[in-house]
Amino acid sequence: MTSNEDDDYGLILFMGERVEHALTSIQRYLPSVVHIVTSDKFATKHKRRLKEWSKHYTFRPGTVRSIENLFHKSAVTSILNEVMSIKNEEEMLHDSK
C-alpha cells in the first residue's frame, strides 16, 4: 500500500461459512480496512477471523455486521443499510483525521 491516503481503500466482504473468497480478496487488493457483513449464525466466528487476519495482513479491522433473517424478503434492505452505515462510519473517521 502506498503512503498516499487517497490510494487507501477498504473492503466490505459478504460472507457465509466459506472464507476462501475473503482471503483471495485481501491478498489481491491489500486493503487498509476490512468490514464483514454476514448472518447472525457466523458473526462470532468472523469477528475472531477478522482480528486474526488484520494482524496477519496488516489492515485495520473494521466491523462485523450481522443480518437477521437473511433469507427474508427484507434482507436486501438490511444488507444495503449495513453497507451504507459502514460507508458513513468510514467517511466520518477519515473526515476527523
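Small disclaimer: the values here were computed from a predicted structure and weren't measured.

K.L.:
Hey, could you run me through the nonpolar core in this one?
P.N.:
As a rule of thumb, nonpolar side chains are buried together in soluble globular proteins. Counting 13 residues, the largest nonpolar core has Leu-13, Met-15, Ile-26, Val-34, Ile-36 and Trp-53 as its most contacted members. Listed by contribution, the elements that provide at least two residues to this core are strand S1 (10–15), helix H1 (20–29), strand S2 (33–39) and helix H2 (43–57). Among residues more than four places away in sequence, those in contact with Ile-26 are Leu-11, Leu-13, Pro-31, Val-34, Trp-53, Tyr-57 and Phe-59.

K.L.:
Could you clarify how one ought to interpret the sheet that holds strand S3 (residues 60–67) in this entry?
P.N.:
As a general point, the strands of a sheet are linked pairwise by backbone hydrogen bonds and lie either parallel or antiparallel. Spatial strand order, S1-S2-S3: three strands in an open sheet with parallel pairing. Every interior strand has two partners, whereas the edge strands, S1 and S3, have only one. The average angle at which neighbouring strand axes cross in this sheet is 15°, direction not considered. Pairing of S1 with S2, which is carried by six bridges, proceeds in the parallel orientation. Bridge pairing in S2 places Leu-11 opposite Val-34.

K.L.:
Quick question: what am I supposed to make of the environment of Ala-43 here?
P.N.:
Mapped onto the elements, Ala-43 comes out in helix H2. With 23 residues separating them along the chain, Ala-43 and Ser-66 place their C-alpha atoms 5.9 Å apart. Residues in contact with Ala-43, not counting those within four places in the same chain, are Thr-38, Val-64 and Ser-66.

What counts, and at which threshold
- The residue count restarts for each chain, going from 1 along the sequence in the order it is written.
- Where totals are concerned, whole chains, interfaces and linings use all residues; where local detail is concerned, this predicted model gives features only for residues with pLDDT of at least 70, and gives and counts side-chain atom pairs only at 80 or more.
- Excluded from the side-chain calculation are hydrogens and water; included are all heavy atoms of the structure.
- As used in this record, nonpolar core signifies buried Ala, Val, Leu, Ile, Met, Phe, Trp, Tyr and Cys residues forming a set joined through side-chain atoms within 4.5 Å.
- Partly exposed describes any residue whose relative accessible area lies between the buried limit of under 20% and the exposed limit of over 50%, with all areas from a 1.4 Å probe on protein chains only and scaled to the type maximum.
- For helices the rule is a DSSP run of H or I covering at least 4 residues; for strands it is a run of E covering at least 2, with both sets numbered from the N terminus onward.
- Contact between two residues is taken to exist if any of their heavy atoms lie within 4.5 Å; hydrogens are not considered.
- Should DSSP find at least two bridges between two strands, the strands are taken to pair.
- Interaxial angle, 0 to 180 degrees, is taken between N-to-C directions of lines fitted to C-alpha atoms, where a helix line uses only the stretch in contact.

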